[in-house]
Amino acid sequence: MTPLTIAIPTWNRNQQLALTLTALLPQLRSGVELIVLDNCSAMPVQDTLPDELQRLAKIIRHPINIGACANVMRCFEVATGDWLWILGDDDLPSHDALTQVLAAIRMYPAAYFINFETTISRLGAGTRVGDV
């Protein structure tokens, strides 16, 4: 089994998705599955991504728009990894994001959920609910 699946739900934000995938590209390694779930974008994701980005991701295009919440739920259904990282299509990962995620998985193997703080949550936009 794959230790980690990175799933990116998207709809009509092909340019932002390309930027996110480009930032993620140098971090990918074996044992990490990357899936993009295109929620029936007006311009299919597969038609707008460069070949290099298409090769690194499994792209699933829904035949109809199933809604944002259902697209996120599909991430859980299609992931084959032991762990799932749902990454927003416009959330640019830091240069060492994957290393940090994999380190946290090794550090807390019995956890059910690992939450990473971001600049936004430190500024008060987020709400912290309990600790692991």
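Residues numbered from 1 in each chain as written. Predicted model: local features only at pLDDT ≥ 70, side-chain atom pairs only at ≥ 80, totals over all residues. Heavy atoms only, no water.

(A) Molecular detail of the overall build of the protein chain. Scanning the protein chain from N- to C-terminus turns up six helices and four strands. Split into buried and exposed, the 132 residues of the protein chain put 38% on the buried side. (Helix = DSSP H or I, 4+ residues; strand = E, 2+ residues; numbered from the N terminus. Buried < 20%, exposed > 50% of the residue type's maximum accessible area, 1.4 Å probe, protein only.)

(B) Region of interest: the pairing of strand β2 (residues 32-38). With seven of seven residues buried, β2 lies mostly within the body of the structure. Going residue by residue along β2, you find Val32, Leu34, Val36 and Asp38 tucked away on one face and Glu33, Ile35 and Leu37 tucked away on the opposite face as well. Sheet analysis places strand β1 (residues 2-10) next to β2, joined by seven bridges and oriented parallel. Across the sheet, proline 9 pairs through a bridge with leucine 37, a residue of β2. (Pairing = 2+ DSSP bridges.)

(C) The arrangement of the pattern of salt bridges in detail. Evaluated as defined, the whole model comprises four salt bridges. The residue aspartate 90 makes a salt bridge to arginine 13 at a minimum N-O spacing of 3.3 Å. Placement of aspartate 90 in the loop between β4 (81-86) and α5 (97-107) and of arginine 13 in the loop between β1 and α1 (14-24) is noted, with a sequence separation of 77 residues between them. Take aspartate 90: its relative accessible area is 38%, and that puts it in the partly exposed class. One salt bridge connects glutamate 77 with arginine 74, and the closest N-O pair in it is separated by 2.7 Å. Separated by three residues within a single helix, glutamate 77 and arginine 74 lie in helix α4 (residues 68-78), roughly one turn from each other. When its relative accessible area of 56% is taken as the criterion, glutamate 77 is described as exposed. Judged by relative accessible area, arginine 74 falls into the partly exposed class, the value being 27%. One salt-bridge network, held together by shared partners, links Arg13, Asp89 and Asp90. (Salt bridge = Lys/Arg side-chain N within 4 Å of Asp/Glu carboxyl O.)

(D) Seen up close, the sheet that holds β4. Strand order in the open sheet made by the four strands is β3-β2-β1-β4, with parallel pairing throughout. Where the open sheet ends on each side, the last strands, each with one partner, are β3 (58-61) and β4. With direction set aside, neighbouring strand axes in the sheet form an average angle of 25°. Strand direction decides the pairing type here: β2 and β3, joined by four bridges, are parallel. (Axes fitted to C-alpha atoms, helices over the stretch in contact; angles between N-to-C directions.)

(E) Local environment of a nonpolar patch on the surface. A cluster of nonpolar residues, Val72, Met73, Phe76 and Ile86, forms a patch on the protein surface that exposes about 340 Å² of accessible area. Per-element tally for the nonpolar patch: the top contributor is α4, with three residues. Tracing the sequence through the fold places phenylalanine 76 in helix α4. According to the relative accessible area criterion, phenylalanine 76 is exposed, its value standing at 51%. (Patch = residues over 30% accessible without salt bridge, like charges linked within 9 Å, V, L, I, M, F, W, Y side chains within 5 Å. Areas by Shrake-Rupley, 256 points an atom, 1.4 Å probe, with all protein chains shown as cover.)

(F) Structural detail: the environment of tryptophan 83. Residue placement: tryptophan 83 occurs in strand β4. Residue classification places tryptophan 83 among the buried residues on the basis of a relative accessible area of 17%. Along the sequence, tryptophan 83 and isoleucine 6 sit 77 residues apart, while their C-alpha atoms lie 8.6 Å from each other. Those residues in contact with tryptophan 83 that sit more than four places away from it in its chain are Pro3, Leu4, Thr5, Ile105, Tyr108, Pro109, Ala111 and Ile114. (Contact = heavy atoms within 4.5 Å.)

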